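Summary of the model geometry
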Amino acid sequence: MSVFEIKNARKSFGDLEVLKDISVSVEKGEIVSIIGPSGSGKSTFLRCATMLERLDGGTLTYSGHTVAEDKDGKAVYLKNNELRKYYSEFGLVFQNFNLFPHYNVMKNITDPLLTSKKATPKEAEEIGKKLLEKMGLSDKADYYPCQLSGGQQQRVSIARALAMNSNILFFDEPTSALDPELTGDILRVIKSLAAEKMTMVIVTHEIEFARSVSDRVIFMSDGVIVEEGAPDDVILNPKNERTKAFLKKFEEI
Amino acid sequence: MSFATMLKELLTGLATSFGIFALTLLFSLPLGLVVAFGRMSKNKIISAITQVYISIMRGTPLMLQLLVVFYGPYYMFGISLHPTYRFISVIIGFSLNYAAYFAEIYRGGIESIPKGQYEAAQVLCYTKSQCFGKIILPQVIKRITPAVTNEVITLIKDTSLAFTLSIPEMFTNAKAIAAAEKSMVAFVAAGIFYYIFNLVVATVMRKIEKSMEYYN
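Here the structure is a predicted model, which means the values were calculated and not measured.

Parameters and conventions
Residues numbered from 1 in each chain as written. Chains lettered and ligands numbered in written order. Predicted model: local features only at pLDDT ≥ 70, side-chain atom pairs only at ≥ 80, totals over all residues. Heavy atoms only, no water. Helix = DSSP H or I, 4+ residues; strand = E, 2+ residues; numbered from the N terminus. Contact = heavy atoms within 4.5 Å. Pairing = 2+ DSSP bridges. Axes fitted to C-alpha atoms, helices over the stretch in contact; angles between N-to-C directions. Phe/Tyr/Trp six-rings, centres within 6.5 Å; stacked < 30°, edge-to-face > 60°. Lys NZ or Arg CZ within 6 Å of the ring centre and 35° of its normal. Expected span 1.5 Å × (residues − 1). Buried < 20%, exposed > 50% of the residue type's maximum accessible area, 1.4 Å probe, protein only. 1 Å grid on protein atoms, 1.4 Å probe; cavity = no way out; pocket = protein on both sides within 12 Å on 5 of 7 lines; lining within 4 Å. Points joined across faces, edges and corners; volume = space filled by probe spheres on them. Nonpolar A, V, L, I, M, F, W, Y, C, P; charged D, E, K, R; others polar.

Moving on: the side chain of Thr50 of chain A. Take Thr50 of chain A: it is sitting in the loop between helix 1 (42-49) and strand 4 (57-62). Not counting chain neighbours up to four residues away, the residues in contact with Thr50 of chain A comprise Tyr62, Tyr87, Phe90, Leu92 and Phe170 of chain A.

Structure below.
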């Protein structure tokens, strides 16, 4: 059974068709990277996958639970109070972290657990400590986000997402807002999660990273999946002209 | 009149001024939040009504509004009200007026919070009210405190408008003493009291601001 499945996804903003019939299914333990030029619909895809945007048409399923069903070409979502239960199915790491600035590092991780997971303060604190240690940030528990570097903030946001213990983790260009010398930190963290067989979908511009970490790479352009397959096939031997043109731009740099 | 009697008269007035000040804040700060929500409502009718309300409250003199609240029930509906209504109408008038100003300050603050904060809260399974109470509102309060301080300081001075309805607050009393004594002393003393009142409030507000400076 797939952990995440989106079928025949369609989404428009006004007259602009951003997603045109996209279907993606992710199995437990699988790591899927999505690459493509800006404006290709990658981010919209991720926002629809995490219910920050609603599909116009298509179905959306988490671990066999269908939250949006296609009825006559229109996506029909569960009622809001039903839908809420499924927000815990996935985690999302944002491009610009979106940490809560008024909470210190520890509270950023523990407050969601206390608020929505009904964890006891002791449990939450333990989870927080363990994850901060994993992220190499044990000494920063009392710091506020504004006192941290971008790379550290992103690691806190990954810890915050991990704490929710979801079945699948989505990453929206997790290194795009970082200085180049800090991207390595984040990529290493994601690699360590990959080693633990965490199910992940990563939208990224780091082509080489996508190749090394993923089980499958999806190349998106103009709202459709142009090519997908094993990383070496898609990135080293692309078949489609658009994929070739996109990857060539990276080689030129 | 001895200097001591005058001071006593003024300080009694000051107590009333403070009452108007405190009660107005007590009612207008929460009411402003309700008005701000109305103003930002997706329901066009609610949003339009609150916009008109804010526009009238900000577009007409507070003194006029006080007179309307006090005399309105009698002249418009023929209702005679208990003498205590004089003070109540001052509180109603001030609260309605200040709520409009606070509403716009709240709205500015709420709209300045990045969308990402709501999205992060949603993904982390906060309900809408948990998100607003725990994530958004604390950040809004930090952002709007300087603007609220401005309004609060203005309010202290505006309490003197209660003299329009002959409420025995400090300015009303000062005016009476000055007329009876044919002297400026009462005005000067009242001015000093207003200034000290303001200084205390400004210091408290600055403390509140400081207490939120641990993050940005």
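Residue and element names in this part refer to chain A. Taken together, five strands build an open sheet; the order of strands is 2-1-4-5-6 and the sheet is antiparallel. Each having just a single partner strand, strand 2 (16-27) and strand 6 (74-77) make up the two edges of the open sheet. The mean inter-strand angle of the sheet, taken between neighbouring strand axes irrespective of direction, is 20 degrees. Inspection of the sheet shows strand 1 (residues 2-13) paired to strand 4 by five bridges, in the antiparallel sense. Within strand 4, the position partnered with Ile6 by the bridge is Leu60.

With that settled, consider the packing of aromatic side chains. Applying the stated rule across the entire model yields 24 aromatic pairs over all chains. Consider the rings of Phe171 of chain B and Phe187 of chain B, whose centres lie 6.4 Å apart with planes at 25 degrees: the pair is stacked. Here Phe187 of chain B lies in helix 8 (residues 185-211) and Phe171 of chain B lies in helix 7 (residues 170-181), a separation of 16 residues in the sequence. An aromatic cluster of at least three residues, connected via ring pairs, comprises Phe4, Phe45, Tyr62, Tyr87, Phe90 and Phe170 of chain A. Positioned over the ring face of Tyr143 of chain A is Lys140 of chain A, at 4.8 Å from the centre of the ring.

With that settled, the discussion passes to the pairing of strand 2 of chain A. All names here are of chain A. Bridging between strand 1 and strand 2 involves eight bridges; their strand directions are antiparallel. Bridging across to strand 2, Lys11 finds its partner in Leu19. Where strand 1 folds back on strand 2, the antiparallel hairpin that results is connected by two residues, among which Gly14 adopts a positive phi of roughly 65 degrees.

This next bit is on helix 8 of chain B. All names here are of chain B. Here helix 8 is 27 residues long and its end C-alpha atoms lie 39 Å apart, about the 39 Å a rise of 1.5 Å per residue gives. Listed as buried for helix 8 are Ala186, Ala189, Ala190, Phe193, Tyr194, Phe197, Asn198, Val201 and Met205. Contact partners of the buried residues in helix 8: helix 1 (3-40), helix 6 (128-158) and helix 7.

So, about the layout of surface pockets. Remark: the empty space left among the atoms is shown by a probe the size of a water molecule rolled over them. One number sums up the size of the largest pocket: a volume of about 960 Å³. For the largest pocket, the lining is made up of 27 residues, of which Lys42, Tyr118, Gln122, Lys128 and Cys131 of chain B are closest to its centre. Among the elements of the structure, helix 2 (80-83) of chain A together with helix 1, helix 4 (85-111), helix 5 (115-123) and helix 6 of chain B are those that each provide at least two residues to the lining of the largest pocket. Taken together, the residues that form the lining of the largest pocket break down as 14 nonpolar, five polar and eight charged. Considering only enclosed or pocket space, the second largest pocket measures out at about 360 Å³ in volume. What lines the second largest pocket is a set of 17 residues, among which Lys134, Leu162, Asn165, Ser166 and Met198 of chain A lie closest to the centre. For the lining of the second largest pocket, the element with the highest residue contribution is helix 4 (residues 121-134) of chain A, accounting for four residues. A breakdown of the residues in the lining of the second largest pocket according to their chemical character gives eight nonpolar, four polar and five charged.

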